[in-house]
Amino acid sequence: MSRLHHRAADSTAVHSLSPTTWLSGVRPKPTQGVDAFAGVTADQIAAGVIGQDTLLPSMELATEDHSGLIGACDRDYGCIYMNTLSWRTPTTPLPMEINPRKVFERMFGQGGSAAERVARIKEDRSILDAIAKEAAGLQVQLGAADRQTMSQYLDNVREIERRIQRAEKVQGDEALTLPNRPAGIPFDFEEHVRLMYDLMVLAYQANISRVITFMVSREVSNRTYTQIGVTDGHHAISHHQNRADKMEKNVRIQTFNVGMFAEFVEKLQKTADGDGTLLDNTVLLYGSNMSNSNAHDHFPLPNLVLGGASGRMKGGRHLRYPDHTPMTNLLVSVLDKAGVRQEKLGDSTGALSEL
């Protein structure tokens, strides 16, 4: 998909605005404090519709720690806007998990073996049953305001119970072969990325989650890519000043990352799902909210849309749109392919009918 533009990110505060507007098309409130306010993102809109029947309505993954980024990270905008791609509500940014072990345990429960995980789930269920029983008895003794608070608490208990039921079902799926639990965060970046993609395949295969966002590399990352011969930091290389040597290294980094994504797509294509494959029944958006990194611009954006969307999408095409077509039109269209009707998102003017 070419010639699309994200106007919400047009600003000198490019590094804060690029992540937070990528899936919303809404420019957030300028602040470097705790009163952040942004747009609900497309992934969370999808999670509210198609994610409620799964163990995890959505998953938010990354490879680089954002916990150290606090306070002011850009002109007029705080680090909170740089740390995630996903906003559940305008005031609720979702943390992105970088540790594969924690991701695995969220998906399948704690314990080194399937038997240990099942035992832990049964223990959790027993504790939950006791809590629910005690809370129900207490509720009849409370006043109206306290009963409302207790009702909200019990709603949370029921949500946990729903997840436990889903976890029990996953553990009992004999057709699903689980890998060993990851030890933690791999030292090697390539192994780290590949492991996160493998966990995404498992999440789709086991129907643990239908909505996943993955920030492969964060803004202003100065990670080196020694495995492809690039010893300079990524952010420094991205400001190439049109120097041929820096541009060549930047292309190497981009080619490497697209190659890792291609491996993930191939795994989806090789994994059976119903009468087809996971790729046949998935819609993927891969791209960036920046065009020319040296110029910090947001037009024309690089976008790939892949997958069969359960027969609702045809691939193998290059769709070129009029200059400055809103990127949010693509987001509305991707939501539609996933079975989620969204009339308006950010500055969208309509769906991309050609998609």
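Residues numbered from 1 in each chain as written. Predicted model: local features only at pLDDT ≥ 70, side-chain atom pairs only at ≥ 80, totals over all residues. Heavy atoms only, no water.

### Notes on the overall build of the protein
Piece 1. From N to C terminus, the protein includes nine helices and twelve strands.
Piece 2. With 355 residues in all, the protein has 46% of them scored as buried.
Piece 3. The contacts in the protein between residues at least 6 apart in sequence include a share of 68% that link residues at least 24 apart.
Piece 4. With the model as given, the accessible surface of the protein reaches about 17400 Å², and the carbon-plus-sulfur share is 51%. (Helix = DSSP H or I, 4+ residues; strand = E, 2+ residues; numbered from the N terminus. Buried < 20%, exposed > 50% of the residue type's maximum accessible area, 1.4 Å probe, protein only. Contact = heavy atoms within 4.5 Å. Areas by Shrake-Rupley, 256 points an atom, 1.4 Å probe, with all protein chains shown as cover.)

### What about the side chain of E60?
Piece 1. Mapped onto the fold, E60 is located in strand β2 (residues 59–62).
Piece 2. There is no salt bridge for the buried E60, and the closest opposite charge comes from R106, which lies 5.0 Å off by N-O distance.
Piece 3. In terms of polar contacts, E60 uses its side chain to reach the side chain of S58, at 2.6 Å. (Lys, Arg positive; Asp, Glu negative; His and termini not counted. Salt bridge = Lys/Arg side-chain N within 4 Å of Asp/Glu carboxyl O. Polar contact = N/O pair within 3.5 Å; in protein donor to acceptor, adjacent residues only side chain to side chain.)

### Observations concerning the nonpolar core
Piece 1. Formed by 37 residues in total, the largest nonpolar core has its most connected members in M107, Y197 and F264.
Piece 2. Elements with a contribution of two residues or more to this core: β2, α3 (100–108), α6 (189–205), β7 (212–215), α8 (244–270) and β10 (284–287).
Piece 3. The leading source of residues in this core is α6, at ten residues.
Piece 4. Those residues within four positions of Y197 in sequence are excluded, and the remaining contacts are F214, V216, M260, F261, F264 and Y286. (Core = buried A, V, L, I, M, F, W, Y, C linked by side-chain atoms within 4.5 Å.)

### Observations concerning the packing of α3 against α6
Piece 1. Where α3 meets α6, the axes come as close as 10 Å, and the angle between the chain directions of the two elements is 10°. Accordingly, the angle class assigned to the pair α3 and α6 is roughly parallel. Where α3 abuts α6, its residues P100, V103, F104, M107 and F108 lie against H192, L195, M196, L199, L202 and A203. (Axes fitted to C-alpha atoms, helices over the stretch in contact; angles between N-to-C directions. Parallel < 35°, antiparallel > 145°, perpendicular 65-115°, else oblique.)

### Things to note about the pattern of salt bridges
Piece 1. Scanning the model with the defined rule gives 13 salt bridges in all.
Piece 2. R3 serves as the salt-bridge partner of D323, at 2.8 Å between the closest nitrogen and oxygen. Of this pair, D323 sits in strand β12 (residues 320–326) while R3 sits in strand β1 (residues 2–5), and the two are 320 residues apart along the sequence.
Piece 3. Here E105 ties to R181 by a salt bridge, and the two come within 3.0 Å at their closest N and O atoms.

### Examining the pairing of β7
Piece 1. Here β7 shows no split at all, with I212 and F214 on one side and T213 and M215 on the other all buried.
Piece 2. Relative to β7, β2 is paired through four bridges, and the arrangement is parallel. Bridge assignment links L61 to a residue of β7, and that residue is F214. (Pairing = 2+ DSSP bridges.)

### Some remarks on the packing of aromatic side chains
Ring pairs (aromatic) are described by centroid distance and by the angle formed between their planes.
Piece 1. Applying the stated criterion to the full structure yields eleven aromatic pairs.
Piece 2. Between the aromatic rings of Y197 and F264, the centroid separation amounts to 4.8 Å while the plane-to-plane angle is 15°, which identifies the pairing as stacked. Highlighted residues: Y197 in helix α6 and F264 in helix α8, separated in sequence by 67 residues. Residues Y197 and F264 agree in their burial class; the two are buried.
Piece 3. Here a set of aromatic residues connected by ring pairs shows up, and it is made of Y197, F214, F261, F264 and Y286. (Phe/Tyr/Trp six-rings, centres within 6.5 Å; stacked < 30°, edge-to-face > 60°.)

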